[in-house]
Amino acid sequence: MRKSSRVIASLLGLTLTLTACGGQSSSLPSMPMGTNGGPVDSSVQSSTPGKPLVTIPKLYGDLQYTDAGRRAGNAPLRVSLTLRYNHQAELDRLVARISDPHSGSHRQFLTATQFNERFAPTEAQEKQVVRELERAGFTIVKQYPNRTIVDAMARTSTVEHFFSTQIHSVRQGKHGDRYTNVTSATVPSSISKLVRDASLNDLVVVRTVADQSGVESQRTAPQFPTDSQGRSVIPLGGVEPLDSTGKLVNGNFASGSLSPGWINESSTRGNYVQVTTAQSYQSTYSAFMGTLAPPEINGWASIAQEVTVPSGGELSFWVYQGSNEGQLGYGTKYAWQAGYLLNSRGSILTTFYKTVNNTNGWVNYTVNLSAYAGQTDYIYFGCYGDGYSGTYVYQYVDDVAWAGASPSPSPTPTAKPTATPTAAPTATPTAGPTATPTAKPTASPTPGSGCNNAAPDNGPLTNSDGTLATGVAKPFDFPVQHGCNGAGYTAAIAIDDPVNTSYLATYLSAAGVTQTGTVTNEAVDGGGSGDEAEVDLDVQTISGLAPGANIIVYDMGSLTDQAIEDTYNQVLTDGKATAVNSSFGGCESSDIPFADSTNSIAEQGAAEGVEFSASSGDSGSNECNGSKGVSAPAGGPYFSSIGGIDFTDTSAGVLETVTMGSVDGDSGGGGVSTVFSLPSYQSGITGMITTGRNQPDISLPFYPVAVYTGGSWGEYLGTSWSSPASVAMIIEANQLHSTKLGWVDPTIYSLFGSTGYSDYYTPCTSGNNIAYTCSATEYNQAAGIGTPKGWALANAL
């Protein structure tokens, strides 16, 4: 008997008889266990052994796709096969034992080697699958040490023949051209007993909080003409005649109008450019362009002045800006505030700035234009918009002057300047005050002596765009407030974009948090760029709440089922992270193979001591195209499903109320699975609906969170905030206990079953997520158990 098999037998307390080939059978008898301590039924309700799941994805809302016809037979296509574990029933019982807080085997996790030797597909099984694929004309592009996933490429005609299906090209809104099988598919009988699930599409199957509104398919990014040198051209109309000396005039708009000097260069109809007294830097007037509220301008609202650039050529000006494009995750894709130097044909010679800022005050820019000295060019300020009904963009401009010169005519300074510290053209000011963390935590850690007496979060609770790290750490009593900042442990973030660490630095400065852990990017399947706002939200949340933790951002480039499954498998292969965050989700019943595969990988994580957490969704009880349904991957029984609630607290950060509301129609996801059975750890809990796995498990704040992304601050919402917050808490609890805690669902339900709301949880007392209502006395499908009392729960885990 191999050593790993002896270890597993010892954990199960049984005599183990191995099969000769490490195949599908085992002599393990049924294990007598209590109601809440039994093995989880990890199977999908509609699956049967030996019949792999290969379905036609049915996606909704902004993930919906339209058929573009039969895919060319010679077009390349990538498929992914998830192989079955061996001894599945034994694995289920083993994970139940090591996750049961009442078991003598509690948290005696397997190593990756032990798992692979006993439960992973054998080398012979994997080779059989690879051999059949290669014989059919596939090229193997990726395999893993745990032999669980095989990725392969082939011509479309080869894929269609091998899987007895038909592949079509499709168009998936903003995600562009994709492909999927449009008829039922089967896995050849020669390998069907070895394959659990197969993916024959590259559809984006889940959405993030920054992608929740589903409106981008209604918007089109602008395309501007270019000149012979490839520079974008902004068409110029008439311009005010050049001042006789070539000087910049009326830079502070003290004339009360654009003239002399400036001319309205707007391409959009309406009164969207005006000289106003509503805001000014030091004098009475400023130039305004754009709209203060939706709908957005449709085209340019802009002004320009022809000047001769002087020697030295340093231009100074002040702007006051606002937009909700950044907080909705669009960045400068559809609209922006800008300043340019244009030549006489409208070609952009240099960009002063291109932003979607919310400055909440005046910001100074100084731009060196000495390279253009002696030229007659055009200073141009404007806002561009696409006319969308849900967004806006605007800016005020004032005190435009060559450095060292006074605006002409000279302003009369007021007694109350509103200037903020100057910012370089590529940066915006940090919003919100900063604070110096205190030198000592508020309490000493107790169990495990693993904490490092780190300083607690003690920055501002909020800024003008929402809640900052301390605004969560204090009211929910995170372990960081007691000296446990996650040092020595690593969190993984599965997402489709690498993190910009300069944005993180700006956030932490505003939040008054000093980070000591590391943040790194790791590309999966080539990586790429996707949801920038989401990765910034995830990283800023974990870094702010667990500043000692290391973070690895696994950038998969696109949220397809193949990419997500490869990412999860890569996390386990690397073996560095003890908790994994997934701030995304989609209708569970839309793509059952995806729900099944991700849950299967999470079970391996549970066996090896890795916690998988995922957002429960932002559509309340109606995740499936406005109809009842729950979110995947959060609904997998081996995931912790994290819901979202609203809360109030005192000015000192003391929690007052936990409720549930709706923000622009969004609320925390929850409900009952039609794919997975009720897991044993939820059985016997008052309030459970017994027809399937219930979501969420616990909840944390939903709205509003301040995120620095795309070069500006924005207000965001969703369980994309609550999920990484839960990961930060788990990482800190690992440090507290000086060991990884692994998958915690069985423990949190055991604690709730024995103590209710007396010790470790705070109930959501009112509100609903459409179909389900919060309850102060029992589990509910709106907020789950409720919110954790962080320090108390961390000690009890």
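The shown structure was predicted, so the numbers you read here are calculated from the model rather than taken from an experiment.

Undergrad: It is not clear to me how unusual backbone geometry should be interpreted in this structure. Could you clarify?
TA: The phi torsion of most residues other than glycine is negative, and most of the peptide bonds are trans. The peptide bond linking alanine 632 to proline 633 adopts the cis configuration, its omega dihedral lying at 15°. Looking at the element boundaries, proline 633 is found in the loop between strand 26 (631-632) and strand 27 (640-649). The amide bond that connects tyrosine 703 to the next residue, proline 704, takes the cis arrangement and shows omega of -5°. Here proline 704 shows up in the loop between strand 31 (698-701) and strand 32 (705-709). One non-glycine residue, histidine 87, lies in positive phi territory at about 55°. Mapped onto the secondary structure, histidine 87 falls in the loop between strand 2 (76-83) and helix 2 (88-99). The exposure class assigned to histidine 87 is buried, which follows from its relative accessible area of 2%.

Undergrad: It is not clear to me how the sheet that holds strand 2 should be interpreted in this structure. Could you clarify?
TA: Within a sheet, neighbouring strands are paired by backbone hydrogen bonds and run either parallel or antiparallel to one another. What the four strands build is an open sheet, ordered 3-4-2-7; its pairing is antiparallel. The outermost strands of the open sheet, each flanked by one partner alone, are strand 3 (139-142) and strand 7 (195-199). Put simply, the sheet's adjacent strands are angled 30° from each other on average, direction ignored. Where helix 9 (residues 561-574) meets the sheet, its contacts fall on strand 2, strand 3, strand 4 (149-155) and strand 7, and the angle it forms with strand 2 comes to roughly 50°.

Undergrad: Would you mind showing me how to read the environment of leucine 468 here?
TA: Structurally, leucine 468 can be placed in the loop between strand 19 (466-467) and helix 6 (470-473). Separated by eleven residues in the primary sequence, leucine 468 and aspartate 457 place their C-alpha atoms 10.0 Å from one another. Excluding anything up to four places from it in sequence, leucine 468 contacts Pro460, Leu461, Thr462, Asn463, Tyr507, Ala510, Ala511, Ala706 and Trp713.

Undergrad: Just checking my understanding: could you explain the state of the cysteines for this structure?
TA: By definition, a disulfide is the covalent link that joins the sulfur atoms of two cysteine residues. By the definition in use, this model includes three disulfides. For cysteine 764, the disulfide goes to cysteine 774, at an S-S distance of 2.2 Å. Across the disulfide from cysteine 764 to cysteine 774, rotation about the S-S bond amounts to roughly 70°, and the bridge is consequently right-handed. Here cysteine 764 is found in the loop between strand 34 (761-762) and strand 35 (787-788), whereas its partner cysteine 774 is found in the loop between strand 34 and strand 35, with ten residues between them in sequence.

Undergrad: So what exactly am I meant to see when it comes to the nonpolar core here?
TA: Grouped burial of nonpolar side chains is what soluble globular proteins tend to show. Core analysis: the largest hydrophobic core is formed by 133 residues, its most contacted members being Phe478, Val539, Ile564, Tyr568 and Tyr761. Top contributing element to this core by residue count: helix 11 (residues 719-737), with nine residues. Not counting residues up to four positions away in its chain, the partners in contact with valine 539 are Ile493, Val499, Leu504, Val519, Ile551 and Val553. Counting 33 residues, the second-largest nonpolar core is a separate cluster that includes Phe253, Ile303, Tyr353 and Val367.

Undergrad: I'm lost on the environment of glutamine 540 in this one. Help?
TA: Within the secondary structure, glutamine 540 sits in helix 8 (residues 532-545). Residues glutamine 540 and valine 499 lie 41 residues apart in sequence; the distance between their C-alpha atoms is 9.7 Å. With residues up to four places along the chain from it excluded, the contact list for glutamine 540 reads Tyr503, Leu504, Tyr507, Ala706, Val707 and Tyr708. At 2.8 Å, the side chain of glutamine 540 forms a polar contact with the backbone oxygen of tyrosine 708.

Undergrad: How should empty space enclosed by the protein be read in this particular structure?
TA: Gaps between atoms show up when a probe of the same size as a water molecule is rolled over them. Counted according to the given criterion, the structure contains six cavities of 30 Å³ or more. Considering only enclosed or pocket space, the largest cavity measures out at about 140 Å³ in volume. Forming the walls of the largest cavity are 18 residues, and the residues nearest its centre are Ile698, Ser726, Ile730, Val744 and Leu793. Broken down by secondary-structure element, the contributors of at least two residues to the lining of the largest cavity are strand 25 (611-615), strand 27, strand 31, helix 11, helix 12 (745-755) and helix 13 (790-796).

Undergrad: What's the story with the packing of helix 8 against helix 11 in this structure? I'm lost.
TA: For any two helices packed against each other, the geometry comes down to the angle between their axes and how far apart the axes lie. At a closest axis distance of 8 Å, the pairing of helix 8 and helix 11 adopts a crossing angle of 35°. Once helix 8 is placed against helix 11, the crossing between them reads as right-handed. Contact residues: helix 8 offers Glu534, Leu537, Asp538, Thr541, Ile542 and Leu545, while helix 11 offers Ser720, Trp721, Pro724, Ala725, Val727, Ala728 and Glu732. Split into classes, the residues belonging to the contact of helix 8 with helix 11 amount to eight nonpolar, two polar and three charged.

Undergrad: Teacher, can you tell me more about the sheet that holds strand 11 (residues 298-308) here?
TA: Taken in spatial order, the five strands of this open sheet run 8-11-16-13-14, and their pairing is antiparallel. Single-partner strands in this sheet number two, and they are strand 8 (263-264) and strand 14 (348-355). The pairing of strand 13 (residues 336-342) with strand 14 spans six bridges and is antiparallel. Pairing of leucine 342 across the sheet is with isoleucine 348, part of strand 14.

Undergrad: What is the right way to look at helix 7 (residues 501-511) in this model?
TA: One full turn of an α-helix is made of 3.6 residues, so residues set three or four places apart face in the same direction. Those residues of helix 7 not exposed but buried are Tyr503, Leu504, Thr506, Tyr507, Leu508, Ala510 and Ala511. Among the structural elements, helix 6, strand 21 (519-523), helix 8, strand 32 and strand 33 (712-716) are those in contact with the buried residues of helix 7. Taken from the residues just after helix 7, glycine 512 is the one with a positive phi, measuring 70°.

Reading guide: rules and limits
- The residue numbering used here restarts from 1 in each chain and proceeds along that chain's sequence as written.
- The predicted origin of the model limits local features to residues at a pLDDT of at least 70 and limits the giving and counting of side-chain atom pairs to 80 or more, whereas totals for whole chains, interfaces and linings rest on all residues.
- To get the side-chain values, take all heavy atoms of the structure and skip hydrogens and water.
- Each helix corresponds to a stretch of at least 4 residues labelled H or I by DSSP, and each strand to a stretch of at least 2 residues labelled E; elements are numbered beginning at the N terminus.
- For the exposure calls, accessible area comes from a 1.4 Å probe over protein chains only, and a residue counts as buried if that area is under 20% of its type's maximum, exposed if over 50%, partly exposed in between.
- Two strands qualify as a pair provided DSSP detects at least 2 bridges between them.
- With axes taken as lines fitted to C-alpha atoms, and helix axes fitted only over the stretch in contact, angles between N-to-C directions fall between 0 and 180 degrees.
- Whether two residues touch is decided by their heavy atoms; if any such pair falls within 4.5 Å, the residues are in contact.
- The definition used for a disulfide is geometric: two cysteine sulfur atoms within 2.5 Å.
- Residues belong to one nonpolar core when they are buried, are Ala, Val, Leu, Ile, Met, Phe, Trp, Tyr or Cys, and are joined through side-chain atoms within 4.5 Å.
- In protein, a polar contact means a hydrogen-donor-capable atom and an acceptor-capable atom, both N or O and within 3.5 Å, with residues adjacent in sequence counting only if both atoms are side-chain atoms; elsewhere, any N or O pair within 3.5 Å suffices.
- A cavity, in this analysis, means grid points on a 1 Å lattice covering only the protein atoms where a 1.4 Å probe fits yet has no way out; a pocket is instead an open set bounded by protein on both sides within 12 Å along at least five of seven lines, and a residue lines either one if it has an atom within 4 Å of a point.
- Grid points are joined across faces, edges and corners, and a volume is the space filled by probe spheres set on the points.
- In a left-handed crossing the near helix is turned counterclockwise from the far helix by less than a right angle, and in a right-handed crossing that turn is clockwise.
- As a working rule, the residues Ala, Val, Leu, Ile, Met, Phe, Trp, Tyr, Cys and Pro are called nonpolar, Asp, Glu, Lys and Arg charged, and the rest polar, with Gly in that last group.

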